[in-house]
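Chains, contacts and geometry: an overview
Each chain, letter by letter, is given below.
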Amino acid sequence: MSTVVSLPLPARRGARSPVQRPAPRLALLGTGTVGSAFVARCERLRAQGMALPAFAWLSNSRVLVNGEGDPRRAVEEARAAPARAGGRPPWVENEGLRSDDIVIDATASDGVAGWHSEWLARGIHMVTANKLGNGADLARAQAIAAAQRERPGVHYGDSATVGAGLPLLRSIRELVAGGDRIRMIEGVLSGSLAWLFDRYDGSRAFSELVREARDAGFTEPDPRDDLGGEDVRRKLLILARAAGVPLEPHAVQVESLLPEALAQATPAQVDERLVLLDADLAERRRQACADGAQLRFVGRFDDDGISVGLRALPDAHPLCAGRGTDNLVAIGSCRYREQPLVIRGPGAGAEVTAAALLDDVLRIARAAA
Ligand SMILES: NC(=O)C1=CN([C@@H]2O[C@H](COP(=O)(O)OP(=O)(O)OC[C@H]3O[C@@H](n4cnc5c(N)ncnc54)[C@H](O)[C@@H]3O)[C@@H](O)[C@H]2O)C=CC1
Ligand SMILES: N[C@@H](CC=O)C(=O)O
């Protein structure tokens, strides 16, 4: 298998009717926890007879590899490639994509998210686990929405970005399309923090659990994005914007769990500084237990504002009912005025996220057929 230099359009074989278009192909960015699980799922289902678009190429920050052979071997090759010293990412010069192809963003890269609207404008479908498309600056989310309006047949699949594919975004969009108004969204939106506070019973240090959550693939590549509340901020922004409320990131009040020395650490220092979390969280847990409460990291959006932070909730509070990586989200609207609509289920992990990406790919492939 060789590194791709360029991808010219394949020669057309035989006669095609003028309306027949080449089959869409997949181009995967990111071969880490989520990207490699996506490829494994595709190839498992393909082996079981499911019709799926072929891979054109896969890329990470180091190399771009042709995916037309065995994509699992392409992932191994990409993951084993040596680090690159700076410069533009490997796919920028050589992407060779054509309209109707599907780019899957399984990176956490701000640079890649900056390309989403560009690909849509070129008629290339996007499927993303990366929240920095619709969950960062408002101007970027608006550019993505504008590109979709200008190319109505071109799809932006973002179900993996909130709840790792739980039917949260879909439900909000359908309620709004049906004339409803979303008045409130409240819940546990971080799978890793849900898992951490579910497990944190005082028998082990919080920092030890953070390492376990990271190794299990629940956290962001940099776990400070979870611990600092950034990940939940992004998800709340995505949900609020889907509800038709165009908020800027600074509108969200974020209570970070990070002590300053951990927030300022270099990536190489993060692991050793995780212990700095322990004393404060042990005290907050002790206080919560004394009050008959449990710690939950909660995001809330309503007419009064939007906030993210750690709350001590009474044991019987509905948001304490989640287990493991469960996200548990209540949506209040004009339709669901008395009792909120509640959506609960696993909200992090490579398998559920890869499945959400593939669901979006399949929706696009079906629409294109
Ligand atoms: N782990 C989870 O449960 C969930 C993760 N996500 C999202 O999935 C995304 C990926 O997460 P992980 O797989 O855990 O991260 P990871 O750190 O394991 O993998 C990231 C990959 O992106 C590649 N990459 C970075 N910059 C790049 C660039 N400019 N061009 C091409 N490739 C680039 C890296 O080389 C690496 O292969 C993140 O945005 C995360 O928020 C979303 C839902 C759930
Ligand atoms: N790090 C995220 C992964 C899914 O979005 C989380 O903990 O929920």
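As named in an unreviewed UniProt entry, the protein is Homoserine dehydrogenase, taken from Luteimonas salinilitoris. Under the UniProt heading Cofactor (unreviewed entry), the note attached to the protein is "a metal cation".

To continue, consider the site of ligand 2. Around ligand 2, the structure places Lys131, Ser190, Gly191, Ser192, Phe218, Thr219, Glu220, Asp226, Asp231, Lys235 and Gly347. Between an oxygen atom of ligand 2 and a main-chain N or O atom of Gly191, the distance comes to 2.7 Å. In this structure, an oxygen atom belonging to ligand 2 sits 2.7 Å away from a side-chain N or O atom of Lys235. Secondary-structure elements contributing two or more residues to the shell around ligand 2 are α8 (191–199) and α11 (230–242). The residue inventory of the shell around ligand 2, partitioned by class, reads 1 nonpolar, 5 polar and 5 charged.

Per the stated rule, a full pass over the model turns up 7 aromatic pairs. For the ring pair Trp91 and Trp115, a centre distance of 5.2 Å and an interplane angle of 80 degrees mean the geometry is edge-to-face. Of the two residues, Trp91 sits in helix α3 (residues 91–94) while Trp115 sits in the loop between α4 (110–113) and α5 (116–121), which places them 24 residues apart along the sequence. Given the relative accessible area of 3%, Trp91 is considered buried. Look at Trp115 and you get partly exposed, because its relative accessible area is 25%. Between Phe197 and Phe206, the aromatic rings sit 5.2 Å apart at their centres with planes inclined by 35 degrees, giving tilted as the arrangement. Overall, the relative accessible area of 7% leaves Phe197 in the buried class. Under the relative-accessibility criterion, Phe206 is labelled buried at 0%. Cluster of aromatic residues (ring-pair linked, three or more members): Trp91, Trp115 and Trp119.

Turning next to the UniProt feature "domain: Homoserine dehydrogenase catalytic" (unreviewed entry) in the protein. In this structure's numbering, the residues bearing the UniProt feature "domain: Homoserine dehydrogenase catalytic" (unreviewed entry) are residues 167–362. Spanning residues 167–362, this segment combines 41% helix with 22% strand, and its end C-alpha atoms are found 16 Å apart.

Okay, the nonpolar core next. Formed by 50 residues in total, the largest nonpolar core has its most connected members in Leu168, Leu196, Phe197, Phe206 and Leu227. Considering every element that reaches this core, the biggest residue donor is α11, with 7 residues. Sequence-distant contacts of Leu168, that is, excluding residues within four places in its chain, are made with Val162, Gly163, Leu189, Leu239, Val329, Ile331 and Ile343.

The next thing to look at is the site of ligand 1. Taken together, 24 residues form the shell around ligand 1, and within it Val34, Trp91, Thr107, Glu220 and Gly349 come nearest. Contact distances for ligand 1 include 2.9 Å between an oxygen atom and a side-chain N or O atom of Lys131. Expressed as a share of its isolated accessible area of 850 Å², the protein-covered part of ligand 1 is 86%. Across the shell around ligand 1, the residue classes break down as 10 nonpolar, 12 polar and 2 charged. Both domains that furnish three or more residues to the shell around ligand 1 are identified here as domain 1 (26–166 + 351–368) and domain 2 (169–346).

Let's shift gears to the UniProt feature "domain: Aspartate/homoserine dehydrogenase NAD-binding" (unreviewed entry) in the protein. Following the UniProt record, one finds the feature "domain: Aspartate/homoserine dehydrogenase NAD-binding" (unreviewed entry) at residues 30–150. In residues 30–150, helix accounts for 43% and strand for 13%; the two terminal C-alpha atoms are 28 Å from one another.

Moving on: the pattern of salt bridges. Under the criterion given, the structure shown has 30 salt bridges. Among the ionic pairs, Arg363 bridges to Asp360, the shortest N-O distance being 2.8 Å. A residue pair is termed a helical-turn pair when its members lie 3 or 4 positions apart in one helix, as Arg363 and Asp360 do in helix α15 (residues 350–368) at 3 residues. Owing to a relative accessible area of 37%, Arg363 belongs among the partly exposed residues under this scheme.

What follows is about the sheet that holds strand β6 (residues 156–157). Across a sheet, strands are paired by hydrogen bonds formed along the backbone, either parallel or antiparallel in direction. Spatial strand order, β3-β2-β1-β4-β5-β6: 6 strands in an open sheet with mixed pairing. At either end of the open sheet lies a strand with only one pairing partner, and these are β3 (64–66) and β6. On the sheet, helix α1 (residues 33–47) packs against β1 (26–29), β2 (55–59) and β4 (102–105) and is oriented at approximately 155 degrees with respect to β2.

This part covers the side chain of Asp180. Following the sequence through the fold, Asp180 ends up in the loop between α7 (168–177) and β7 (182–188). The buried charged residue Asp180 lacks any salt bridge partner; its closest oppositely charged side chain belongs to Arg335, at an N-O distance of 4.1 Å. Within the structure, the side chain of Asp180 is placed 2.6 Å from the side chain of Ser333, a separation counted as a polar contact. Discounting chain neighbours no more than four positions away, the residues touching Asp180 are Leu175, Ser333, Cys334, Arg335 and Tyr336.

Take α7 next. Within α7, the full set of buried residues consists of Leu168, Leu169, Ser171, Ile172 and Leu175. Buried positions in α7, seen along its axis, are confined to an arc of 165 degrees and lie on one side of it. Opposite its buried face, α7 presents the exposed residues Glu174 and Ala177, each directed more than 90 degrees away. Buried residues along α7 sit in contact with β7, α11, β11 (326–333) and β12 (341–346).

Conventions we followed
Residues numbered from 1 in each chain as written. Chains lettered and ligands numbered in written order. Predicted model: local features only at pLDDT ≥ 70, side-chain atom pairs only at ≥ 80, totals over all residues. Heavy atoms only, no water. UniProt positions renumbered as here; feature names shortened; annotations may be inferred. Near = heavy atom within 4 Å. Polar contact = N/O pair within 3.5 Å; in protein donor to acceptor, adjacent residues only side chain to side chain. Helix = DSSP H or I, 4+ residues; strand = E, 2+ residues; numbered from the N terminus. Nonpolar A, V, L, I, M, F, W, Y, C, P; charged D, E, K, R; others polar. Phe/Tyr/Trp six-rings, centres within 6.5 Å; stacked < 30°, edge-to-face > 60°. Buried < 20%, exposed > 50% of the residue type's maximum accessible area, 1.4 Å probe, protein only. Core = buried A, V, L, I, M, F, W, Y, C linked by side-chain atoms within 4.5 Å. Contact = heavy atoms within 4.5 Å. Areas by Shrake-Rupley, 256 points an atom, 1.4 Å probe, with all protein chains shown as cover. Domains from an automatic or database assignment. Salt bridge = Lys/Arg side-chain N within 4 Å of Asp/Glu carboxyl O. Pairing = 2+ DSSP bridges. Axes fitted to C-alpha atoms, helices over the stretch in contact; angles between N-to-C directions. Lys, Arg positive; Asp, Glu negative; His and termini not counted. Arc of directions from axis to C-beta.

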